[in-house]
Amino acid sequence: MLVARVAAQPMRGSLDFSQATFWRYYTGGVDRLAWEAVRSYHHRFGCTAGWKQVTITVYDFDSCSGNDFIGKVTVPLHETEGEVTMRLEGATGKQRPTAAAGRAAGTAVCAGLAARALSRGRLRAMSGRSGAAQGQDLLSLPPKAGVAWGSRYQQEVAVMVHVVQSAVQLCSEGGQLIEVTAAPSQGKKMDERDVVAGLSCLKPGDSTPVTAADLAVQALAFEAVRAEFPEDALVGEEDSSHLREDPALCELAFGLYAQRGGGLGRDAFLEAVDAGRGPAAGEGRVWVIDPVDGTKGLMTGRGYFFVPRAVGLALLVDGEPVVGALGVPNSHSLCPGCPPLLVAVRGCGTRWWPASGSGPLEHRPARPTWAPEGAPEGGAPGAAPWALSPQSAWPSCAPFGAACPPTEVCCGSLVKYFAVAMGHVAGFVQCEENMMTWDHASGVVCVVESGGSVSDAHRQRVWFPGRSFGVAGGIVCVSPWSTPHMREQLLLAAQANMKP
């Protein structure tokens, strides 16, 4: 009790970073100890109906990296004849692969359960043992050389890869359903010429588009995240109001969701779409998704397989993006030979995955033709390809002069972040000061971890306090292949375009 009372009082006076950090660890440990005591008491004395199953989660604890997630298994609580071996499941709920030839066998969980009567009362308790077993057909893990990629966020990476791979495939299927019967409207907003009955609609109030693919992807993402991280907050661009008003749109969205492995009924599917409607303060862990960035290009006949668009998923911790994934189905149009899925973890760099199957893949984008040879701080004061949003900001925003207009990179902000990270363009300037978090969070961490930079026009960091965020003078995103001179020109152009 004395320790708990002391820990509950905040430390006074000035603290350096280390003191504050370790004091936070200490008070957090006391809080966790108290929680575990309450939980253990509840589990032992508060359940009068009996437990049906337990879930065992296995981690690799060591001093070289964060706690590495190995797998989990759900054990039914009924008597067994001796020990039973159960294969571990990965973060997405699929069983781990068996050991490959020439590789060390992995680990599984063995459990033996028996019922015994308590000395008092009529309740029955299950007693048993569990442990690790080695065998050729059990969990197979790839050999580790040093610290595994992703550090403490390996489980989050596994969920992101599963979600974005499913989304990329779903959007490819949904994109083939769209037909355009009239010339599209101009600009970001749309009108009824851009809508296909039963496939898409316009959001009331802002005339921006949403399709069945957007809604199905959001439900898939939130279902997967809630299964693994039920305490985390969720933020999504869409809600189910369109589905409840349009039965044909609901039928298509639910069908696409089910085809990609969604396991919820129709009512629960609608609830999953709505799971990201909360305000989501800038504290704690928050998952943010843009199910299809660049929806208008998909709806206005630009061609899903010819014009790039992206699926973006990010994990924010206290407003900072720490894990992000960008899925671009036709990534080859921006980066020849690049796989479609780019994943970034803060402090760990980036890795690539295919549209389906395992990864990461061995891939490194080639140096773009516009990038100067030699040290990145050298030369190249001349022009380079760049991207701009909105296009109406040209020519007042002209980092490389009037003779170098912006390169068209359609559609959406996340595709432009992908283009910057891959070197398709030297930079991207978004000349707006109030924006939505889902349009940028995953792109920011992917560019930064690829070796580039993202800031506002005054070189200040971009932070995400909620569903929307503000920046001074817009966002300036710079490729890892750009020279300091190019970055300076992009920043000056954004500053010059600021409203007085």
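Residues numbered from 1 in each chain as written. Predicted model: local features only at pLDDT ≥ 70, side-chain atom pairs only at ≥ 80, totals over all residues. Heavy atoms only, no water.

- As annotated in an unreviewed UniProt entry, the protein carries the name C2 domain-containing protein and is attributed to Prorocentrum cordatum.
- UniProt lists a comment for the protein under the heading Sequence similarities (unreviewed entry), and it reads "Belongs to the inositol monophosphatase superfamily."
- In the Cofactor (unreviewed entry) part of its UniProt record, the protein is described as follows: "Mg(2+)". (UniProt positions renumbered as here; feature names shortened; annotations may be inferred.)

1. Re the packing of aromatic side chains
- All chains considered together, the criterion is met by eight aromatic pairs.
- Measuring from centroid to centroid gives 6.2 Å for W352 and F418, while their planes differ by 85°, and the two rings are edge-to-face. Residue W352 is located in strand β13 (residues 349-353), and its partner F418 is located in helix α9 (residues 413-422); the two are separated by 66 residues in the primary sequence.
- Among the aromatic residues, those joined into a cluster by ring pairs are F254, Y257 and F269.
- R285 extends its terminal NZ or CZ atom over the ring of F229, reaching a point 5.1 Å from the ring centre. (Phe/Tyr/Trp six-rings, centres within 6.5 Å; stacked < 30°, edge-to-face > 60°. Helix = DSSP H or I, 4+ residues; strand = E, 2+ residues; numbered from the N terminus. Lys NZ or Arg CZ within 6 Å of the ring centre and 35° of its normal.)

2. Structural notes on the side chain of D274
- If you trace the backbone, D274 turns up in the loop between α7 (266-273) and β9 (285-293).
- In this structure D274 comes out as buried when scored by relative accessible area, which is 17%.
- Here the side chain of D274 touches R244 through a polar contact of 3.5 Å, side chain to side chain.
- With near-sequence residues (within four places) excluded, D274 lies in contact with D239, S240 and R244. (Buried < 20%, exposed > 50% of the residue type's maximum accessible area, 1.4 Å probe, protein only. Polar contact = N/O pair within 3.5 Å; in protein donor to acceptor, adjacent residues only side chain to side chain. Contact = heavy atoms within 4.5 Å.)

3. Things to note about the nonpolar core
- Counting 50 residues, the largest nonpolar core has V157, L243, F269, W287, V323 and V343 as the members making the most contacts within it.
- Secondary-structure elements contributing two or more residues to this core are α3 (154-175), α4 (212-228), α6 (247-259), α7, β9, β10 (310-317), β11 (320-327) and β12 (341-345).
- It is α4 that contributes the most residues to this core, 11 residues altogether.
- If we skip the residues at most four places from it in the chain, V157 touches W149, V323, V343, V345 and W353. (Core = buried A, V, L, I, M, F, W, Y, C linked by side-chain atoms within 4.5 Å.)

4. A word on the packing of α6 against α7
- Running from amino to carboxyl end, α6 crosses α7 at an angle of 90°, the nearest separation of the two axes being 11 Å. Compared by their axis directions, α6 and α7 come out roughly perpendicular. Contact with α6, carried on its side by C250, E251, A253, F254 and Y257, involves R266, F269 and L270 of α7 and no other residues of that element.
- A class-by-class count of the residues in the contact of α6 with α7 yields six nonpolar, no polar and two charged. (Axes fitted to C-alpha atoms, helices over the stretch in contact; angles between N-to-C directions. Parallel < 35°, antiparallel > 145°, perpendicular 65-115°, else oblique. Nonpolar A, V, L, I, M, F, W, Y, C, P; charged D, E, K, R; others polar.)

5. Quick word on the sheet that holds β9
- Taken in spatial order, the six strands line up as β8-β9-β10-β11-β12-β13 in an open sheet, and their pairing is mixed. Looking at strand neighbours, the two that pair on one side only are β8 (233-236) and β13, the edges of this open sheet. The average angle at which neighbouring strand axes cross in this sheet is 15°, direction not considered.
- Here five bridges tie β12 to β13, and the two strands are oriented antiparallel to one another. The residue bridging V343 from the neighbouring strand is R351, located in β13.
- Across the sheet, α4 is in contact with β8, β9 and β10; its angle to β9 comes to roughly 155°.
- Sitting on the sheet, α9 touches β9, β10, β11, β12 and β13, and the angle it makes with β9 is about 95°. (Pairing = 2+ DSSP bridges.)

6. What about the pairing of strand β19 (residues 475-478)?
- In β19, alternate side chains face the same way, and those of I475 and C477 on one face and V476 and V478 on the other are all buried.
- In the sheet, strand β15 (residues 427-430) pairs with β19 via four bridges, with the strands oriented antiparallel. By the bridge assignment, G427 is partnered in β19 with V478.
- Sheet analysis places strand β17 (residues 453-456) next to β19, joined by four bridges and oriented antiparallel. Directly across from V454, in β19, lies its bridge partner C477.

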